Amino acid sequence: MSTQQEDDTPDVDDAAPATPASGSPAALEALIEDHVLEREDHLNAPGFVIRADAVQDVLSTLKTEAGFDHLSCVTAEEHEDRFESIYHLRKYDDPTQEVSIIVPTSRDNPVSETAEPVFRTADWHEREAYDLVGVEYDDHPNLERILLPDTWQGHPLGLDYNQNKPQIVTFDEHKNPLEGHEQAADDSDTMFLNIGPHHPATHGVLHVETVLDGEQVADVNPDIGYLHRCEEQMAQKGTYRHQIMPYPDRWDYGPGGILNEWAYARTAEDLADIDVPEYAQILRTMGGELCRIACHMLALGTFCLDIYGDFTAIFMYAMRDREVVQNILEDLTGQRMMLNYLRLGGVVWDIPEPRAEFFESVRDFLDELPERLDEYSDLITSNEIFQARTVNTGVLDYETAKDYGVTGPVARGSGVDYDVRRDDPYGYYPELDWDVVTEDGGDNYSRLLVRMEEVEQSARIIEQCVDLLEGWPEDERDIQANVPRTLKPEAGTETYRTVEGAKGELGVYIRADGTEKPGRFKIRSPCFSNLSALKEMSTGEYIPDLVATLGSLDVILGEVDR
Amino acid sequence: MATQTPLPDIISDLLGVGGFLGDAVSMLVAAALVGTIMLTMTAFAGPWAKRKITAAFTDRISVNRVGPWGLGTIVVDSVRLLSKELVIPEGVDRPAYDLAPIVLAGSALFAFAVIPMGNGIQLADPEVGLVFVFAIASIASLGLIMGGYASNNKYSLLGGLRAVAQNIAYEIPLVLTAASVVLFTGTLQLSEIVAIQQNTTLATIAGVRIPAWFAFVNPFAFVLFVVANLAEVGRNPFDTPEAPTEIVAGYQTEYSSAYFVLFYLGEFIHIFLGGAIIATLFLGGPGGPFLPGFVWFTIKIWAVYFFTQWCRSAIPRVRIDQLIGIGWKGLLVLSFANLVLTATALGVTGL
């Protein structure tokens, strides 16, 4: 039986052979014992509390000697007596091997060593922790606010933050918000250019501060936060059982609805120890893959929009095909974008009646899809001008991709063979026959190829799901497990769970505080990490390539800013 | 298709006026007529045909609410665009900012003065007609750089610079390829070029005479010219000066209301001018069976217009460095080769 519960109770592993590379907690503890203050295990991983001045030591030891090369997420939170930064580490080769490094700091002086020299991705994650919670990171290269405006006072996820206090921005100091943003410093050969927040190619409200040398990009700095909607705080104010599930739909509105909901569902079900019936798992898997196709079609269409110009054939074709998927999703969930289909322990309802009609519409779509993809291949991937524009532009190499915590199609386009669906199985994926697509180019073209091939793989998964659902015994169609009306996971339980969203590893960290609402709810957004690699990918290239690279990263700003 | 009397003379004969004043009046009337013809075509092309054609390529329906086939959109759009507020940003370079749209639209329209449109519609027929057309059409680059520079906007500046770099790179292949046609005709007079194409017989198949249109005589030059012309008018794959997704419509970013309309008009007249030059040099101008010359001329320039819209829907935009590379390393070399080969072929065969 496939259930949401996996094997990650850490104490089981304690008996395993004690080599650090095997990820056994005892061996890990031995590896970093000089710095460990105490053990504080999470449901998903062993946790070690370390001193605030040993972060780089511990992380680099774990990275080089135990193979934890993926800093998936950094969660910061404030307790009554301390601040905590939690580094969620895992391995690209095997994400089931996880370890949490917990760094407590005092409330008077919340300074902790930065992890940026070890993992580049920590740069943005720590800035976010500083911005929202107020932990300060020593030696951080650029410890500025990232989501909130520079003028913001206080740290909204901190305990003594007063929401009712108005944000007073003194006019004199800030009368020209563009001051210092007009020219590159004392360099008359370069030109400073603000791309966005309102620009046709930023796919939302993204502001890219660019320094140009002629038409070439000398420096880029993505400035995010324009679409920050306090998703984490809203989730912290909702009850597990009913009030949180609609929020994830608003993260990746590509529409990655079911994929996003699954991230929350997986974490909460892990926390509350809920099993999901097999039939519901198949429904989730099918719905999730439909969402993935819709997201990839949008990515493909808008990427071509960046390269071709406005409202060209390929954009409209991709939108047309996405429309078919959305119609199917609407039949299934009752909504087109904000699906709200999953529930803890299952899904909200079964396939709509008459079922045969629904299955027929899915099969019609799947039958047409290969033809459509051939058409796309003719129109874009085999077009010489298109290849000239995309091959070897926006290159992200294998090591840099890992360093920046890049996941999803972007990582797979750089040869990183990492897919949470296969490597940390959940849902019905292990029972189905499908492949993880990787390309080695690392350029815009590879990323597009990966997405197009993933559409085919998703179609394979959906087809198998439809076969299973059609033949499922009538009396075993359990769409939801028996879940208590009120969920109150034990205080102090913490877990961090990820799923493969359309853009990559989408994770949710929850700390329960004994009430029916989460004590801390942290979202690990794949787009956030992917976007932070933009600078590496586009420095030295031309503006059109910067725009194309941004398109091939497929960022949804709702997910970046949350 | 003998050389015809220029249009102003026909009009002065019709009106029975003479003398300096009469000539002036008939010239004005003739110019107004040609201008109206081109602006009418542009009015159809801009707000209506462009949408319909793009929609057809992308499986959509497009405008169909106002009037038959949505044709009323033309009126609606004109009113809408002209009634918008004219926003003039701070710090623009005023005379240049105001002149740029006029220069762009005016230059393209001006060049139509010497284009033989058939049925005697031609304002003037100077002996250096071809040179005149290219000279006038190139003034458009000036309008683009003026607009780009005067707008006081970095995107516009980039767009203006791109436009100039592109026009210089593609103007030369364009003129060189046209020169290979001149080698055949031995004249720069446009009406003569048309007449020679129409009166020479290339072949006779089953009793049907195929005229020696230069597109048939030298298809290579035709293809070169069409490609260079795409770059000249700035349509995909060469629409880098506008590139809405990169530099936000480039030189026209800061223009609104009537100024924007002029830019927009200028662009479409420019496409039609490109079509007119292609038709005149390679497709026998207004020549064709059965239908009147002017109808044939219209069909030919609309065919070229249709082609540009097709490219716009289907072909990716090249990057600016690739664009310049294609221009200087590819088209320039090919057009020189074409010129030399044509000259050699003509010298050897003694045509």
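Residues numbered from 1 in each chain as written. Chains lettered and ligands numbered in written order. Predicted model: local features only at pLDDT ≥ 70, side-chain atom pairs only at ≥ 80, totals over all residues. Heavy atoms only, no water.

Going by the annotation in an unreviewed UniProt entry, the name recorded for chain B is NADH dehydrogenase-like complex subunit H, with Halobacterium salinarum given as the source organism. If you open the UniProt record of chain B and go to Subcellular location (unreviewed entry), you find "Membrane". (UniProt positions renumbered as here; feature names shortened; annotations may be inferred.)

Per an unreviewed UniProt entry, chain A carries the name NADH dehydrogenase-like complex subunit CD and comes from Halobacterium salinarum. Quoted verbatim from the Sequence similarities (unreviewed entry) field of UniProt, the annotation for chain A is "In the C-terminal section; belongs to the complex I 49 kDa subunit family."

Describing the side chain of aspartate 561 of chain A
All names here are of chain A. Note that aspartate 561 resides in helix H19 (residues 557-561). Among buried Asp, Glu, Lys and Arg side chains, aspartate 561 stands out as unpaired, with arginine 562 the closest opposite charge at 6.5 Å. Within the structure, the side chain of aspartate 561 is placed 3.0 Å from the backbone nitrogen of glycine 225, a separation counted as a polar contact. Within the structure, aspartate 561 has its side chain in polar contact with the backbone nitrogen of leucine 227 (distance 2.8 Å). (Helix = DSSP H or I, 4+ residues; strand = E, 2+ residues; numbered from the N terminus. Buried < 20%, exposed > 50% of the residue type's maximum accessible area, 1.4 Å probe, protein only. Lys, Arg positive; Asp, Glu negative; His and termini not counted. Salt bridge = Lys/Arg side-chain N within 4 Å of Asp/Glu carboxyl O. Polar contact = N/O pair within 3.5 Å; in protein donor to acceptor, adjacent residues only side chain to side chain.)

Looking at the UniProt feature "domain: NADH:ubiquinone oxidoreductase 30kDa subunit" (unreviewed entry) in chain A
Feature annotation in UniProt places "domain: NADH:ubiquinone oxidoreductase 30kDa subunit" (unreviewed entry) on residues 49-166 of chain A, given in this structure's numbering. Counting secondary structure, residues 49-166 of chain A comes out at 19% helix and 30% strand; the distance between its end C-alpha atoms is 37 Å.

Things to note about the packing of helix H7 (residues 257-272) of chain A against helix H8 (residues 278-308) of chain A
Residues and elements named next belong to chain A. Relative orientation of the contacting elements H7 and H8 amounts to 140 degrees, with a least axis distance of 7 Å. Classified by the angle their axes make, H7 and H8 are oblique. Counted together, Gly257, Ile258, Leu259, Trp262, Ala265 and Glu269 of H7 and Gln281, Arg284, Thr285, Gly287, Gly288, Cys291 and Arg292 of H8 form the full contact between these two elements. A breakdown of the residues in the contact of H7 with H8 according to their chemical character gives 5 nonpolar, 5 polar and 3 charged. (Axes fitted to C-alpha atoms, helices over the stretch in contact; angles between N-to-C directions. Parallel < 35°, antiparallel > 145°, perpendicular 65-115°, else oblique. Contact = heavy atoms within 4.5 Å. Nonpolar A, V, L, I, M, F, W, Y, C, P; charged D, E, K, R; others polar.)

A word on the pairing of strand E14 (residues 505-512) of chain A
Each regular strand displays side chains that alternate between the two surfaces of the sheet. Residues and elements named next belong to chain A. The element E14 is extensively covered by neighbouring structure, given that 8 of its 8 residues are classed as buried. Burial along E14 is two-sided: the residues Glu505, Gly507, Tyr509 and Arg511 and Leu506, Val508, Ile510 and Ala512 are all buried. Taking the residues between adjacent antiparallel strands as the criterion, strand E13 (residues 494-500) and E14 are bridged by 4 residues, where glycine 504 takes a positive phi near 145 degrees. Both E14 and strand E15 (residues 518-524) contribute to a ladder of 6 bridges, which runs antiparallel. The partner of tyrosine 509 across the bridge, within E15, is lysine 522. (Pairing = 2+ DSSP bridges.)

Thoughts on the environment of proline 95 of chain A
Residue and element names in this part refer to chain A. The residue proline 95 is located in the loop between strand E4 (82-90) and strand E5 (98-106) in this model. Once the C-alpha coordinates of proline 95 and isoleucine 258 are considered, the two residues, 163 residues apart in sequence, prove to be 22 Å apart. When neighbours within four sequence positions are excluded, proline 95 is seen to be in contact with Arg90, Tyr418, Asp423 and Asp424.

Topic: a nonpolar patch on the surface
There is a patch of nonpolar side chains on the surface, built from Leu14, Leu15, Val17, Leu21, Val25 and Val29 of chain B and spanning about 580 Å² of accessible area. Ranked by the residues each element gives to the nonpolar patch, the list is headed by helix H2 (residues 19-57) of chain B, at 3 residues. (Patch = residues over 30% accessible without salt bridge, like charges linked within 9 Å, V, L, I, M, F, W, Y side chains within 5 Å. Areas by Shrake-Rupley, 256 points an atom, 1.4 Å probe, with all protein chains shown as cover.)

Overview of the side chain of threonine 390 of chain A
By the secondary structure assignment, threonine 390 of chain A is in helix H11 (residues 384-390). With sequence-adjacent residues up to four places away left out, threonine 390 of chain A is seen in contact with Phe303, Ile307, Asp443, Asn444 and Tyr445 of chain A.

Side note on the domain arrangement of chain A
Residues and elements named next belong to chain A. The domain boundaries assigned to chain A delineate domain 1 (10-138) and domain 2 (248-490). Taken together, the contact pairs 14 residues of domain 1 with 14 residues of domain 2. For the domain 1 and domain 2 pair, buried surface summed over both sides reaches about 1200 Å², with 52% attributable to carbon and sulfur atoms. There are 2 salt bridges connecting domain 1 and domain 2. Linking lysine 63 and aspartate 403 is a salt bridge whose minimum nitrogen-to-oxygen distance equals 3.7 Å. Counted by class, the side of domain 1 that touches domain 2 contains 5 nonpolar, 3 polar and 6 charged residues. (Domains from an automatic or database assignment. Buried area = accessible area lost by both parts, 1.4 Å probe.)

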